[in-house]
Amino acid sequence: MEVKTSLLDNMIGVGDMVLLEPLNEDSFIMNLRNRFDHNEIYTYIGSVVISMNPYRSLPIYTPQKVEEYRNRNFYELSPHIYALADEAYRSLRDQDKDQCILITGESGAGKTEASKLVMSYVAAVCGKGQEVNKVKEQLLQSNPVLEAFGNAKTMRNDNSSRFGKYMDIEFDFKGDPLGGVISNYLLEKSRVCKQPRGERNFHIFYQLLSGASDDTLVKLKLDRDFSKYNYLSLDSANVNGLDDAASFRTVRNAMQIVGFMEAEVQSVLELVAAVLKLGNIEFKPESRVNGFDESRVKDKNDLKEMCELLGIEQSVLERAFSYRTVEAKMEKMSTTLNVAQAYYARDALAKNLYSRLFSWLVTRINESIKAQAKTRHKVMGVLDIYGFEIFEEGDNSFEQFIINYCNEKLQQIFIELTLREEQEEYIREDIEWTNIEYFNNAVICDLIENNQNGILAMLDEECLRPGTVTDDTFLDKLNTICAEHQHFESRLNKNSKFLTDHSLPHSCFRIQHYAGKVLYRVEGFVDKNNDLLYRDLSQAMYKATHSLMRQLFPEGNPAKVNLKRPPTAGFQFKASVGVLMKNLQTKNPNYIRCIKPNDKKVAHIFTDSLVCHQVRYLGLVENVRVRRAGYAFRQPYESCLERYKMLCKKTWPHWRGPARDGVEVLLTDCSVPTEEFAYGRSKIFIRNPRTLFTLEERRRACLEDLATLIQKIYRGWKSRTHFLLLKKSQVVVAAWYRRYAQQNKYQKIKSATLVMQSFIRGWKARNILRQLKYEKRCKEAVTTIAAYWHGTQVRREYRKFFRANAGKKIYDFTIQRIMQKYFLGLKTTTMSPMDNSWPAKPYGFLEGAHTQLRRIFHLWRCKKYRGQFTEEKKAVYEEKLEASEIFKDKKALYPSSVSQPFKGDYLEIQKNPKYQKLNSAMEEKVLLADLVNKINRANGKGSPRLFLLTKSNFVLADQKTGQVKASVPLPDLASVSVSTQSDGFFALKLKEGSASASKGDFLLSSEHLIEIITKLHRIGTTAADRDQINIDISDEFLVQFKQDKVCVKFIQGGPKNGNSAACKRKNNRLLEVSVPSP
Ligand SMILES: Nc1ncnc2c1ncn2[C@@H]1O[C@H](COP(=O)(O)OP(=O)(O)OP(=O)(O)O)[C@@H](O)[C@H]1O
Ligand SMILES: [Mg+2]
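An unreviewed UniProt entry lists the chain under the name Unconventional myosin-Ib, with Oncorhynchus tshawytscha as the source organism. What UniProt records for the chain under Sequence similarities (unreviewed entry) is the sentence "Belongs to the TRAFAC class myosin-kinesin ATPase superfamily. Myosin family." Annotation of the chain in UniProt includes, under Subcellular location (unreviewed entry), the sentence "Cytoplasm, Cell cortex".

Next up, the structure:
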C-alpha cells in the first residue's frame, strides 16, 4: 500500500480548495468535478469538508480506512470525512474541547449519511468494552428508528429527513461514550395527511403494512393493501431500492436494542394504525333547522375500529367531530362543525397525534441512551437538519419557510464561526489581520426573527389578534411592515418595485435567502402557526384507555384546563433554534458541507449548474477567500520543515535547532520572497498557493534526486556487499581447496615413504638375516669340524685301549637284548589253534624269522592239541577230514554235516532187540546202521529200509522185520553218485556183470548221506583188495534199474515242496528230484 504523508501527495486537482490557483467559481467547480470524476468526493476548504453525494457505495468506508485515518493529522492523508471525525474526536478527547459537527446542504446532498459516517467512525475508534459497546450500539441504532418515523421519500431524496436532529454524544475523560441526548426540530407533520405529488408519507406506514406479520395486522385491524388508506399516496408507494418489509424488521430490531419494551412497541404501532384509521374517517353534511350543515361521520366502521384500538368511547369521538366547545370567560358554548371543519379537525388530530408520537419516541430514546454517570463529560454534537428547500412554482409553504429559516441561521453561524476562528488563529499566531468582504446573512435572519417586526413575530401577532384573521391579512401586514426590506419581495405593496413582476403571484411573498430567492405561498401560514387542535378532540383522546395516547394529550385532562393559548409553532421553532445556536456557539465547530451533484439521484452525473448554484449560496468560494485572506496556506513549523528540509543543505538531513529557525533558513535559502510568507508563533503562513506549489515542485524534483541518490547508494552498497561476499566465499573456497590438495599430496608422499621405508627395512633385515645365517652356519661348521676333530683325536688316542672284537660283542649284546624283548613280547599269544593273532614284527631284520616262528608255533600248538586226542576220536576226525576232501565245495549238503558228529550206529543195532536177528546175521562188525529210503523206480516214492555197512558189504533190510532184502559185497560196488545240492539222494551203482548187479543199482536217500558215502570211500581206501570207490558228484546221473537205465535229474525246486527233496517219476527214463533252494 502506498504510504501517504501529506494531503499534497498524489492529489487529483487540489485536495484543499485553498490551494486553488487561480481562485474563481469556474476553477472551483472544475476542481470539484475533476475530483468527483475520480471518485474523490471529499475536498477541503481549510478544515471544512466539502462532500459530494456519489449516489453509490464507494469502497472508502472500510475498517481498513478507519485504521488508516485513525490518529493521523488532518492534512496527512487525502481528504475524507473520517479525517474530520478523527480531528474532532481527538480534540475532544485530548484537548477537552466540546465539539459540534455541522452538516449542511440541500435535501439529498448526503447530510444524514455524513452524520452516520461520523458516528460510526467515532464508535469504531473510541474505547471498547461491554458497557461501552452497548452504549455505542444504542446510539447507532437510534438512527433507524428515527428515520422510519421521521423520514420520507420526497422528490429530492428517497430518504429525506423531515425533521431536524441534533444529537449530543457524551464522552468521559477517556473518550469512551457514556450516552447521548437527541433534540428534534419541527417534524413536517403536514405530510401525515397530504403528500406532494411523487412523494410518500413517512416510511413507517409503508413498513408496517409490508413487514408486519398477519397476526400483528389483525391485531391492529389493518389491511396490507396501501390503497385502503386515504393518507397513503399511491403513485409512489413503492420506491426503488427500498425494501419496506426488511426495513420494518430492522426498525423493530433497533427498537429492541435501544430498549423499547415489547408493550411499548405495540403501543407505538397501535398509534400508527390509529392515524391510518383516522384518515379513513369521512364525513357527510347533515342539514340542521338553523340552516347550517352539521357534519356526521359517514361510515362508522373505521371510527369504531379506531376507538376499539385506542380504547375510546366511540360516541365521545363522534361528537368531537360534530361539535366544538368554545370557552370564554368561564362560559362554555357548543358550536357545530361543518364538514370542512370536521375534516380540518380530523387532520389536525392526525398530525398532532403523529408529531407527538414522534416527539415521545425521541424522549423515550433519550431515556434509554442518556448517560448514567453524573460525572462531567465532554460532548460531541452532530447536527443533521433538513436541507434548504425550494419548491418550484411557489409551492413553498410554512414548513419550507421554517426549514429555510433554520438553514439561514446555520449559514450565519458558519460565517460567524469561520471568520471568528480565522481571526482567532491570526491573533493567536500574531499575524496581522486583514479584513475581507463577504456576504453576511444576518440581515435575512433579522428579517425573519426580529422580535418586533420579523416575519415570525408578525405571524404570531396575527394569530393572536382578535377578529378575523386570514392568511391574506397576514400578508397585508407583511407588506406594510417589511416592504422596505431589501430581501423581502411582494407584489401587493403599492410602492413595490415588484408590481409588474408576474413571476410573483399576489398571494405570495418572496425572500432572498442566502441560498436563493424563495417564493412562499401564504396560504395555511396562520393555521399551521396556530397548530390548533380542538379541545374536544384532545379531551376525547385523553379519555382513551390507551395509556400512551393519554400521555400524548395531557392538555385533554379536564383537571388541567388551561385557557392560555399554547405557543405558536413559529415561536416554538424560533426558540428552539435560538437554543441550538447558543449551544453550537459554545462548541468547537467542524463543518461538512454537502453538495448534491445532480437532481436525478444517480451516480456519475455532475450537473455544473446545480453544483454551481450550491457552491454559490453556500458561499464556498467566499469561504476560500476568507481562508486565504492574507495567507492561503499555513502549516506548523515542524511539519513544514519535515516536508521541505531536503531543499536546503543546511536543513538536510537534520536540523538541530528550533523548527522555526530551520524554516527561516530553509525559506531564505530557497529565495522565497519575504512578502510571500509570515512567521506565526507556531505556524508558517504562506500567502500565495503558487509559492507552495513552487516549493512542492522543487521538493518533487529534489525527491527524485534523493531517490536517485538513495538508489545509487543502495546499489553501491548492494554491489559492494555482494562483492565482499563473493570475495569472502572465494577465500573460503580457495582455503578449502588448498587444504584438500595438500592433504592429497601429503597422503601420496606418506604412502610412497612407507613403501620406500618397507623396502629399505626389508633389505636391511634380509642382509642381517643373511649375515646371521652365515654366522650360524660358520658356528655349526666349526662345531662339526671340532667334533670330528676331537673324535679323531680321541679315537687316535684311545684306539690302543679297545679290544679288536669289542664291536661284535656290543653287537651281539644288542641283538640279544632285542631278541629277548621280542620273545618276551610273544608270550601274550594263546594256545588255541583257532587263535590267529600274532604280534607285529618289531624290526625289519626279523621278517623271515617272524613268519617262520609264527608257522612253527602254530604247528606246535596244533600238535599239542592233537596229542590230547583218543584213537576213536582220531578216527572220527580222520573220517571228517575225508568227508571234507570228498565234498567240500562240491556238494551243498556238506557244510551242514561238519558240525554233526559221525555216530555210525544210529539204530543201536546191538542193543535194540528188534534188530537182534539182523545183528546176528551180520558176519562182521557193523560200521554204520541207519534208516534210509529206497526210491521206487515206478513212482519215485521212497520206502524205508535199514542200511547196514560193514567192512565188506552193505545190507538193506526191512525196517519192520529186519529181514535182509539185499546184501551187496563192497567189491561189487562200482561207484556212488550224488548230486551237488543239499539233498540226501545217492545212487549205489554196481559193477556190471557182478552177482549183485542183476537186481540193478540202488537209489537211496538218507539224512546221513555225507557219513555213509565217507564211510564207503574209507572202506575202499583201506581195503587192499579192492579198487577205490568212485564218487560222482553231478546233478544228472544214470541209474540201472534191472534192465533200464533211468536218468535221475536234480532241479532246484520252489519252496512249495517243503524242506525235503521230493522225487517224481517223469517218464520211464527220467526221475526228477526237486531240491529246495537253499
Ligand atoms: N457518502 C455517500 N455514499 C453513498 N451514497 C450516499 C452518500 N451520501 C449520500 N448518499 C446517497 O444519497 C441519498 C441521500 O442522502 P441523505 O439522506 O443523507 O441526504 P440528506 O442531505 O440527509 O437529505 P435530506 O435533507 O432530505 O434529509 C442517500 O439515501 C444515499 O443513497
Ligand atoms: Mg437527511
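What follows picks up the thread again.
A. Structural view of the pairing of strand 20 (residues 928–935). With eight bridges joining them, strand 20 and strand 21 (residues 942–949) adopt antiparallel strand pairing. For Ile-935, the partnering residue across the bridge sits in strand 21 and is Gly-942. The turn linking strand 20 back onto strand 21 is made up of six residues, and Gly-940 within it adopts a positive phi angle of 80°. With two bridges joining them, strand 20 and strand 26 (residues 1002–1005) adopt antiparallel strand pairing. Note that in strand 26 the partner of Lys-934 across the bridge is Leu-1004.

B. Representation of the sheet that holds strand 17 (residues 633–636). Judged by pairing direction, the sheet is antiparallel, and its three strands sit side by side in the order 17-19-18 without closing on themselves. Of all the strands in the sheet, just strand 17 and strand 18 (677–679) have a single pairing partner and so form its edges. Taken pair by pair, the neighbouring strands of this sheet meet at an average axis angle of 20°, ignoring direction. Relative to strand 19 (residues 683–686), strand 18 runs antiparallel, the two sharing three bridges. What sits directly across from Ala-678, in strand 19, is Phe-685. Contacts between helix 23 (residues 637–644) and the sheet are confined to strand 17, strand 18 and strand 19, with strand 17 contributing the most and set at about 95° to the helix. Relative to strand 18, helix 24 (residues 659–669) is tilted by about 155°, and along the sheet it contacts strand 18 and strand 19.

C. Main features of the sheet that holds strand 14 (residues 508–513). One open sheet holds the three strands; their spatial order is 13-14-15, and the pairing between them is antiparallel. Of all the strands in the sheet, just strand 13 (488–490) and strand 15 (516–521) have a single pairing partner and so form its edges. The mean angle between the axes of side-by-side strands here comes to 25°, regardless of whether they run parallel or antiparallel. As judged from the six bridges shared by strand 14 and strand 15, these two strands associate in the antiparallel manner. Residue pairing in the sheet places Phe-509 in a bridge with Tyr-520 of strand 15. In this fold helix 14 (residues 442–449) packs onto strand 13 and strand 14, with an angle of close to 150° to the strand it touches most, strand 14.

D. Structural detail: the packing of aromatic side chains. As enumerated under the stated definition, the model contains 38 aromatic pairs in all. Seen from their ring centres, Phe-283 and Phe-321 are 5.2 Å apart, and the 65° between their planes marks the pair as edge-to-face. Of the two residues, Phe-283 sits in strand 8 (residues 283–287) while Phe-321 sits in the loop between helix 11 (314–320) and strand 10 (323–328), which places them 38 residues apart along the sequence. The exposure class assigned to Phe-283 is buried, which follows from its relative accessible area of 3%. Members of the aromatic cluster, each reached through a chain of ring pairs, are Phe-398, Phe-401, Phe-474, Phe-488, Phe-509, Tyr-520 and Phe-525. Taking NZ or CZ as reference, Arg-364 lies 5.1 Å from the ring centre of Phe-260, over its face.

E. Examining the packing of helix 9 (residues 262–280) against helix 10 (residues 300–310) more closely. Closest axis-to-axis distance for the helix 9/helix 10 pair is 9 Å, and the angle between their directions is 160°. In terms of orientation, helix 9 lies roughly antiparallel with respect to helix 10. Helix 10 is crossed by helix 9, and the crossing has left-handed handedness. Judged by residue contacts, Glu-270, Leu-271, Ala-273, Ala-274, Lys-277, Leu-278 and Asn-280 of helix 9 engage Asp-302, Glu-305, Met-306, Leu-309 and Leu-310 from helix 10. Here the residues of the contact of helix 9 with helix 10 are counted per class, giving seven nonpolar, one polar and four charged.

F. Representation of the UniProt feature "binding site: ATP" (unreviewed entry) in the chain within the structure. Under the feature "binding site: ATP" (unreviewed entry), the UniProt entry names Gly-105, Glu-106, Ser-107, Gly-108, Ala-109, Gly-110, Lys-111 and Thr-112. Here Gly-105 falls in the buried class, since its relative accessible area comes to 4%. If we skip the residues at most four places from it in the chain, Gly-105 touches Lys-111, Gly-387, Phe-388 and Cys-594. In this fold, Thr-112 is placed in helix 4 (residues 111–125).

G. Fine view of the coordination of the magnesium ion (ligand 2). Here the magnesium ion (ligand 2) is held by the protein donor atoms Thr-112 (OG1) and Ser-161 (OG), which lie 1.9 to 2.1 Å from it. Of the two residues, Thr-112 sits in helix 4 while Ser-161 sits in strand 5 (residues 160–161), which places them 49 residues apart along the sequence. When sorted by exposure, Thr-112 lands in the same class as Ser-161, which is buried.

H. View of the side chain of Gln-138. You can see Gln-138 is positioned in helix 5 (residues 130–150). For Gln-138, the contacting residues outside a window of four places in its chain are Ile-257, Val-258, Ser-368 and Ile-369.

I. A look at the pattern of salt bridges. One pass over the full model with this rule turns up 56 salt bridges. With a shortest N-O distance of 3.7 Å, Lys-174 and Asp-176 are connected by a salt bridge. Taking the relative accessible area as the measure of exposure, Lys-174 reaches 47% and is therefore partly exposed. Between Glu-262 and Arg-252 there is a salt bridge, and its shortest N-O distance comes to 2.5 Å. Of the two residues, Glu-262 is situated in helix 9 and Arg-252 in helix 8 (residues 244–258); the sequence distance between them amounts to 10 residues.

J. Structural context of helix 26 (residues 806–826). Look at helix 26: 30 Å from first C-alpha to last across 21 residues, which is about the 30 Å you get at 1.5 Å a residue. Every buried residue of helix 26 is listed here: Ile-818, Met-819, Tyr-822 and Leu-826. Down the axis of helix 26, the smallest arc covering the buried residues is 100°, so these residues share one side. More than 90 degrees from the buried face of helix 26, the exposed residues found are Lys-809, Ile-810, Phe-813, Gln-816, Lys-821 and Leu-824. Structurally, helix 26 contributes buried residues whose contacts are with helix 27 (847–867).

K. The arrangement of a nonpolar patch on the surface in detail. On the surface, Ile-710, Tyr-714 and Trp-717 cluster together into a nonpolar patch covering about 350 Å² of accessible area. Mapped onto the fold, Trp-717 is located in helix 25 (residues 689–798). Classification of Trp-717 by relative accessible area gives partly exposed; the value is 46%.

Calculation criteria
Residues numbered from 1 in each chain as written. Chains lettered and ligands numbered in written order. Predicted model: local features only at pLDDT ≥ 70, side-chain atom pairs only at ≥ 80, totals over all residues. Heavy atoms only, no water. UniProt positions renumbered as here; feature names shortened; annotations may be inferred. Pairing = 2+ DSSP bridges. Helix = DSSP H or I, 4+ residues; strand = E, 2+ residues; numbered from the N terminus. Axes fitted to C-alpha atoms, helices over the stretch in contact; angles between N-to-C directions. Contact = heavy atoms within 4.5 Å. Phe/Tyr/Trp six-rings, centres within 6.5 Å; stacked < 30°, edge-to-face > 60°. Buried < 20%, exposed > 50% of the residue type's maximum accessible area, 1.4 Å probe, protein only. Lys NZ or Arg CZ within 6 Å of the ring centre and 35° of its normal. Parallel < 35°, antiparallel > 145°, perpendicular 65-115°, else oblique. Left-handed = near helix turned anticlockwise from the far one by under 90°. Nonpolar A, V, L, I, M, F, W, Y, C, P; charged D, E, K, R; others polar. Donors = N, O, S within 2.8 Å, 3.2 Å for Na, K, Ca; no water. Salt bridge = Lys/Arg side-chain N within 4 Å of Asp/Glu carboxyl O. Expected span 1.5 Å × (residues − 1). Arc of directions from axis to C-beta. Patch = residues over 30% accessible without salt bridge, like charges linked within 9 Å, V, L, I, M, F, W, Y side chains within 5 Å. Areas by Shrake-Rupley, 256 points an atom, 1.4 Å probe, with all protein chains shown as cover.

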